[in-house]
Structures are given as structure tokens and as C-alpha cells.
Amino acid sequence: MIISNGLSRVCVAGLLLGLSLAASAREQSTQASADIRRTSFGVPHIRASDERGLGLGIGYAYAQDNLCLLANEVVTVNGQRAKFFGPEQSTLEERSNLASDVFFTWLNTPQAVAAFWNAQSPQIRQRMEGYVAGYNRYLKEQGAPAQCQAAWVRPLEVGDLVKLTRRLLVEGGVGQFAEALVGAAPPQATASVRPTAKAFALADAQQQRFSLDRGSNAVAVGRERSFNGRGMLLANPHFPWVGGMRFYEMHLTIPGQLDVMGAALPGLPVINIGFNQHVAWTHTVDTSKHFTLYRLTLDPKDATRYLLDGKSIALEKTTVTVQVKQPDGSIQPVVHPVYSSQFGPVVQWPGKLDWDNHYAFSLRDANLGNDRVLQQWYAMNQASDLKALQTSVHTLQGIPWVNTVAADDQGQSLYMNLSVVPNVSAAKLAQCSDPRAGLQMIILDGAHSACAWDVDPRAAQAGIFAADQLPQLARTDYVQHSNDSAWMANPKAPLTGFSPVISQDHIGLGPRARFALQRLQSLEKQPIRVADLQNMVMDNEVYLAGQVMPDLLEFCAKQLGADATTLQPLCSRLSTWDRHANLDSGLGLVHFIDLVEHLQQIPDAWRVPFDPTQPLTTPRGLAIDRAPVAQALREAMLASSAAVAKLGLGADSRWGDIQVSGQTPVHGGPQELGIYNAMQTMPRADGKREVVSGSSYLQIVTFDDQGPHAQGVLAFSLSSNPASAHSKDQTQLFSQKKLRTLPFTDAQIKADPAYQERRVQE
């Protein structure tokens, strides 16, 4: 029998994975076990004597709290949503199931999964195997919760965890182009799966929201500014409250080897953001580029061939097969082609990246080659000091698309923009890119091999920048970050001179960063305490109100004209608003959100434009003396007045009546207003706004001679199961602006009033 090459590769990859698992299983000579010790709010403190046992405890505890969530994500990353739920339904991210399945089947081939698995250390493999065993143990014992008792819930395999990790890796790259990859077809060709214009519009909105939905704030304070001469850390990641990027809080211990607490993403057996005995760290989404596009010059005779250094090369065509549920319930295969050049898959985005008879576009994602990500967090979890943490990141370069901000018990603070970044120098960018395209999306010339990413032998991966070429800053006063470039991590030591692919300087800061720097400067005459860091998030100051409210109120007083009667209620609400986004803040906040959203679309709306020599104080003010700005402001006021009336909001309505999670009122608000406690919401049928992303795992860590002292809250609570007692208990705590002490030592854990312990064995 003759087997096609493609099938042979699949079989070989599956055989390699199977052999690896068998060999690892032979190494496991004793039955793994773990103690899951739960404290208040259900937080698991997992203790085991080895890596497999620790993984066992993690998987079991996670299944107890979030089995349905993980099972749903496993269906997604295996490209099986159309099989179980039908092709017309959508994922949580509003992507069609069929497009999602084609993308993930392309991404998570057996070869790619096997290669990732084979690159892992024995310790990571053991922990992942334990995770799978723990999840499966719980599923066998208890079965699936009521909301997911269905055929799509099945026992895990280690390949599922690999696929979940690979999905995380490409979130900052090709994962944002799923529709464009699926929709790419030669001119005049008919694709089996063709995303609609609406799908691309949604994809564009998701791409624009990436840094909002996964944005973050971080402050690390050094000994010069902290209240006790030790390091302090504020971690305030803004991550989704639902789905595959929802954090899970846990504490992991192997006596004598590991003791780390914090939060992890679904399916990951390591702490992503957290602290240990000596170090605390967090991450913020960076502005570095993690992919580049290549414009392919096509062969005039054949639009499926491209020219490279004058030679005509055929695009590689692979086929992706997904199983699709039909209206009658039967399952039928859909075969879809994916084209690739040597630079990566071809992507087609109508009106933006078109594939015609002259050009096509390929996307190269640096993180597709990042098999070090789990080992990176594993090493960070064990770091004995800030230097060890920094060295691990320098050596492994496994951080995918985020900055790292950290502090230690010796009073050092550290900022690192050391993620996986394509090695494209400023000179190469000037030589190989079209300046008209700007820097928002890097497009290089794919007709010349000289425009390929440079290879630095010092880098952990071919084609990325070496660690010493990336921004980093160690200080004993402070560093901070809120999703801007690396430039102003500390204004006393600007980080400049990097390739624009890494970081841009002398560009306007976002309002959250300006708020943070202003707040930190206001504390210069006194030591920074825990309450100061907590208040940065919890007092919900609307920074932008301080920049534009005087002009808004002047407009109300002098320029309402014929609309004075209609607009007077709005102006009255603005004048009495407390300029915060607290639960009891009045309707002035709602109007302010509407006005700023409208004015941000108006050119030259600022009275004082951005000045790169004054980045902390510009731009500011509204140019209400300019007719176009005044007209836009009047229109925005009228529209906001009508919208508030339509929603039926009365004079006594408060922000806590509007922004909610289920029935729980939530403070904070849009990050575009400079609200540090950023929240992203979606409108509900009842007129309220449901929080979908924002402050998630909040931790404030300090140190003394006894070790770390941490306070925190998981804003959306530990469990995604609505029947759980821990599905909204921390949400209610967050609503009350309360943090809880995070028990870390054995004595603290056992003294917790809700302490429970359970031994889990294979």
C-alpha cells in the first residue's frame, strides 16, 4: 500500500508523540499524589513531592472549578467546533466556528504539536502529564457539570495542553489574522470557506481591542521610594473575564524546590503572574511587533507563484480538513486549501491586504518558533532574586508578547521589554518597507531575500533580536508600565534608540501611563505604601477629566446657544460629577464617556497638542474655540442626551446601576479615559453594560525579613461554574474595593478559617 507523504508525516508525528509519552510513562515509577489545600474563596494551595504530583493537583483543582471552560477551549484548539456545534455558530470571540476550525487545524498540526512536546524539559513534561491525569481523574469521579454534559467533553491528552499553549503564543500575531488566513485564495478562485465582510469587520475590531482586552498596569517600587526599603509590586493585568484567557489563582509548592503563588491561564501548569519568597513579577502587553507581513510580487504568468531574487517559486499549498455538522445532524468533511510562501502563510484582508494578479501577502509570526514559553515561566517561578529572573529571560527568551515588571526583597525594581521580536533593524526597515504603510503594521518586501529577518547567533531563536538588544531598566526608585512603548518606564531614564519594531520613543503616552506617572510623582515627598498602590487602582480617578473638564464646563456656560434648554441637564450632570468611576458616580460619567468617544474622532481637538519634550503633560485641553471642534462637541452632547433618555436613566442613576458583572455592580471604566482600573464592557438587552475584560488578578506584594506579604483579589472569582460557591464571591469583594490577604506560609494557610485539605492520587 502506498501512503501519501502528507499522511506519512502525520503518522510519524503521532508516533513520535506516542513514543515520547510512553518513555515518559516508564520513567514514572511511583504513584503521583498531591495535597490540595483550599483557603477562603476556594483558592487552592497545591503541594506535592514531585513535578507529576504537582501537575496532578493543578489539573484536579482546575477541573473542580473550571472543567466546562477548559473543555470548551479544548474543542476550539482542536478545530472541532463546527463538528459539535455547527458551522454557523460562533466562538466566544465572535469568530465563526468553521473559520476557527480551519485556523486551529492549520496551527496545531500533529507535526507542530509533536515538535513542541519534544522540545520540553523532563520537568515540564511531567507536570503536563500530571495535569492531564488530574483533570481526567476528576472527570471520571464526578463527571461534567450540568452546563456541559455533552459529547464534546472528554478526557484530556497532553497534546491538548500543547495546543492551548500554542494558541496563547499566537495571540499577538497570526491569531489576529485567522479570518485573513482562512479567506486567502488566488484571484478568481472559489474558496470552500470564505469569511464575510461582517467577519472581517469583527476581526478588525478584535484586532484594535487586543491591547485593551489584554492591557495591563504595573508598578515596581525600589528601596529608595518604598515604605520599608524593600521592593514592592503592583500587578494589575486587564485580561478577559471569560474564556481561554481567564486567569486562575493558585499556589504551587514542592517542598525544598518550589514555592510560588499567583495566577495562570487555562491549561498552563505554571504561574504566569505572581510571587515567591524573594521576587514578585507581572506582565503588561507590549507595543513591540511580533510578526511582520511580506508583500509578495507575483509571477505575471501565475498568481500562485511569487518572485524571490528574480526566481519564480510556487506557493506551497496544503489542505486542511475539518469535520462539519450538517443540518440533518450528519458529519461531513470540508477540505480547505492554505497557501504559504517561505515567509509564512498567505493572508488576504479585503481592502487592506488583497491577493490580486500582482501581489499577495505572507505573515511571519515569531512566536510560532517559541517552544520555550513554558520553560520560561517555570524558571521565573523558581527565581531566587531579581538577577536570576532577569538571567532566565535573557537566556530562554520565552516571553511571547508582554513586558515584565518585577521587584525583589532587596529593593530592586526592574522593567524588561524582552519578548520575542522579529530581528528587523531600523536600517532594514528603511530599506525593505514602504514608509506609506506606517509602523502600525510592518510590511516588508518579499521579493528580496535580503529583507528576511536577520539572524543573531546570540538569540535563543533564529530571526529574533538577542536579549541585550531589547529595552530593560533596573532602578531603585521605580519603574512602571501601562501598555505604551518602553520609552517612559521611568522618565528619569528614558529608553530610546531602538528599532521601531521593538519600541518607539517621542510619541504620545496613553492616559493610563500619564496618570500613573503623575500619581507616582505626587508621592515623591513621602514613602510609597501599600495603600498608595491600592488607591491607584481603586480610587477610580478619571485622569482625562482633569485635562478637559474645565473646557467642557466653559462650553456649557457660554456656547450652548439655541440648544441650552436641551443640554442643560447634561451640563448640570457634568458639573456635579465627582470625576471618578466609582459605583456612586453620577450620570456625568456616562456623558463624559460619550463625549470623549466622539471627540477622539475629531482631528486637532486638543487645545495643546502633543509635545515630545513634555510627554507627561501633553496633549491637554479641548479647542472649543475652533468651529469644527465646537460643532462636534455640540453634536456629541445632543447624542449623549438622547442616548441617556432612551436608556431610561434618571437623575438618581449611578454608575453601579449600569456597569455590572451579572448582578454585581463593578467600578472602573474605559481605559481611553485614563481610568487605571480599566474595564471593557458589552451592552446588554436590559440597558446595562456587562464587563467582559478588565482588572483581573490584582496583587500588591511587599517583602520583609519573613518573606512576602501579598494582598489581592481575582476580580471575576475563581470558578466559571455558576453553581459554585466561588463563582462570584471575589467579584463581590472587588465591588466593595476590598483586597484579601493571600496566605503563603504553612501557618497562614492552616490558620485560614475556611481551610480544607484533600489528598489526590492517580
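- The name an unreviewed UniProt entry assigns to the chain is Acylase, from the organism Pseudomonas aylmerensis.
- What UniProt states about the chain under its Subcellular location (unreviewed entry) heading is, verbatim, "Periplasm".

**As for the state of the cysteines**
Thought 1: Enumeration over the complete set of coordinates arrives at 3 disulfides.
Thought 2: At a sulfur-sulfur separation of 2.0 Å, the disulfide partner of cysteine 68 is cysteine 148. An S-S torsion of about -75° defines the bridge between cysteine 68 and cysteine 148 as left-handed. Of this pair, cysteine 68 sits in helix H2 (residues 51-77) while cysteine 148 is found in the loop between helix H6 (122-142) and helix H7 (158-169), placing the two residues 80 residues apart along the sequence.
Thought 3: For the chain, the bonded cysteines pair up as 1-2, 3-4, 5-6 when numbered in the order they occur along the sequence.

**Quick notes on the packing of aromatic side chains**
Thought 1: Counting across every chain of the model gives 15 aromatic pairs.
Thought 2: Taken together, a centroid distance of 5.4 Å and an interplanar angle of 90° make the contact between tyrosine 60 and tyrosine 138 edge-to-face. Taken as a pair, tyrosine 60 in helix H2 and tyrosine 138 in helix H6 lie far apart in primary sequence, 78 residues in all. Tyrosine 138 matches tyrosine 60 in its accessibility class, with the two residues each being buried.
Thought 3: Their ring planes at 75° and their centres at 4.8 Å tell us that tyrosine 62 and tyrosine 248 sit as a pair that is edge-to-face. With tyrosine 62 in helix H2 and tyrosine 248 in strand E5 (residues 248-254), this residue pair connects regions lying 186 residues apart in the sequence. Take tyrosine 62 and tyrosine 248: they sit in the same class, and that class is buried.
Thought 4: Taken together, Phe103, Phe104 and Trp106 form an aromatic cluster joined through their ring pairs.

**Focus: the environment of leucine 169**
Thought 1: Residue position: leucine 169 is located in helix H7.
Thought 2: Setting aside its immediate chain neighbours within four residues, leucine 169 contacts Phe116, Asn367, Asn370, Val373, Pro400 and Trp401.

**Side note on empty space enclosed by the protein**
Thought 1: Following the criterion strictly, the structure yields 6 cavities of 30 Å³ or more and no others.
Thought 2: Considering only enclosed or pocket space, the largest cavity measures out at about 130 Å³ in volume.
Thought 3: Forming the walls of the largest cavity are 15 residues, and the residues nearest its centre are Phe239, Phe247, His283, Trp377 and Val402.
Thought 4: Elements with a contribution of two residues or more to the lining of the largest cavity: strand E4 (232-240) and strand E8 (279-285).
Thought 5: It is E8 that provides the largest number of residues to the lining of the largest cavity, a total of 3 residues.
Thought 6: Each residue belonging to the lining of the largest cavity can be placed in one class, and the counts come to 11 nonpolar, 4 polar and no charged.

**A closer look at unusual backbone geometry**
Thought 1: A cis amide bond links threonine 618 to the next residue, proline 619, at an omega of 0°.
Thought 2: Following the sequence through the fold, proline 619 ends up in the loop between strand E21 (606-608) and strand E22 (620-622).
Thought 3: One non-glycine residue with positive phi stands out, namely glutamine 188, at about 70°.
Thought 4: Considering the arrangement of structural elements, one finds glutamine 188 in the loop between helix H8 (178-182) and helix H9 (197-213).

**A look at helix H18 (residues 627-646)**
Thought 1: Over its 20 residues, H18 extends 29 Å from the first C-alpha to the last, a length consistent with the 28 Å expected when each residue adds 1.5 Å.
Thought 2: When H18 is considered as a whole, its buried residues turn out to be Val629, Ala630, Ala632, Leu633, Arg634, Ala636, Met637, Ser640, Ser641 and Val644.
Thought 3: Elements in contact with the buried residues of H18: helix H15 (543-558), helix H16 (564-576) and helix H17 (588-599).
Thought 4: Just downstream of H18, glycine 648 is the residue with a positive phi angle, here 75°.

Rules used throughout
Residues numbered from 1 in each chain as written. Predicted model: local features only at pLDDT ≥ 70, side-chain atom pairs only at ≥ 80, totals over all residues. Heavy atoms only, no water. UniProt positions renumbered as here; feature names shortened; annotations may be inferred. Disulfide = S-S within 2.5 Å. Helix = DSSP H or I, 4+ residues; strand = E, 2+ residues; numbered from the N terminus. Phe/Tyr/Trp six-rings, centres within 6.5 Å; stacked < 30°, edge-to-face > 60°. Buried < 20%, exposed > 50% of the residue type's maximum accessible area, 1.4 Å probe, protein only. Contact = heavy atoms within 4.5 Å. 1 Å grid on protein atoms, 1.4 Å probe; cavity = no way out; pocket = protein on both sides within 12 Å on 5 of 7 lines; lining within 4 Å. Points joined across faces, edges and corners; volume = space filled by probe spheres on them. Nonpolar A, V, L, I, M, F, W, Y, C, P; charged D, E, K, R; others polar. Expected span 1.5 Å × (residues − 1).

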